[in-house]
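# Observations on the three-dimensional arrangement
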Amino acid sequence: MDEWYGSMEKKGETMAEIREETVSGFCKAQNQTRRIFCELEEDEQGKLRIVDTDCAYGNCPHTGDCLLMANLSLSD
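What counts, and where the lines are drawn
Residues numbered from 1 in each chain as written. Predicted model: local features only at pLDDT ≥ 70, side-chain atom pairs only at ≥ 80, totals over all residues. Heavy atoms only, no water. Pairing = 2+ DSSP bridges. Helix = DSSP H or I, 4+ residues; strand = E, 2+ residues; numbered from the N terminus. Axes fitted to C-alpha atoms, helices over the stretch in contact; angles between N-to-C directions. Polar contact = N/O pair within 3.5 Å; in protein donor to acceptor, adjacent residues only side chain to side chain. Contact = heavy atoms within 4.5 Å. Core = buried A, V, L, I, M, F, W, Y, C linked by side-chain atoms within 4.5 Å. Buried < 20%, exposed > 50% of the residue type's maximum accessible area, 1.4 Å probe, protein only. pLDDT = per-residue confidence, 0-100.

## Some words on the sheet that holds strand β3 (residues 18–27)
- One open sheet accounts for three strands, arranged β3-β4-β5; its pairing is antiparallel. The open sheet has two edge strands, β3 and β5 (48–53), and neither has a second partner. Between one strand axis and the next, the sheet turns by 40° as a mean value, whatever way the strands run.
- Note that strand β4 (residues 32–42) and β5 share five bridges and pair antiparallel. Within β5, the residue paired with Glu41 across the bridge is Arg49.

And the structure:
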């Protein structure tokens, strides 16, 4: 098990570093204030993109105008 965690390579390519961010704000879908944990990854151009969240972002009907994710800075 330690060997798997120690290796960050897959098929000769180095895996990208994941950055974690916490965002607080109002969730329209749940009609309440929430704290969301996000995983971000930096691409080759240095831009951050959302890899995962602990909410339904991406599948939520409010994804396009999400007040929570508007608080997330995707520029470094």
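## A closer look at the side chain of Thr53
- As for its placement among the helices and strands, Thr53 is situated in strand β5.
- Of note is the side chain of Thr53, whose polar atom sits 3.2 Å from the backbone oxygen of Cys55.
- Not counting residues up to four positions away in its chain, the partners in contact with Thr53 are Ile36, Phe37, Cys38 and Met69.

## Comments concerning the nonpolar core
- Counting ten residues, the largest nonpolar core is built from Val23, Cys27, Ile36, Cys38, Leu40, Leu48, Cys66, Leu68, Met69 and Leu72.
- Listed by contribution, the elements that provide at least two residues to this core are β3 and β4.
- Among the elements that line this core, the one with the most residues is β4, at three residues.

## Here's the deal with the confidence of the model for the protein chain
- A residue-level look at the protein chain finds 76% of positions with pLDDT of 70 or above and a mean pLDDT of 81.
- Considering only residues more than four positions removed or in separate chains, one finds that residues 1–12, a stretch of pLDDT under 50, has four contacts.

## Some details on the pairing of β3
- Inspection of the sheet shows β3 paired to β4 by ten bridges, in the antiparallel sense. Within β4, the residue paired with Ser24 across the bridge is Arg35.
- Linkage of β3 to β4, two consecutive antiparallel strands, is achieved through a turn of four residues, within which Asn31 is found at a positive phi near 50°.

## Things to note about unusual backbone geometry
- The phi angle at Asn31 is positive, at roughly 50°, despite the residue not being glycine.
- Looking at the element boundaries, Asn31 is found in the loop between β3 and β4.
- Since its relative accessible area comes to 60%, Asn31 is described here as exposed.

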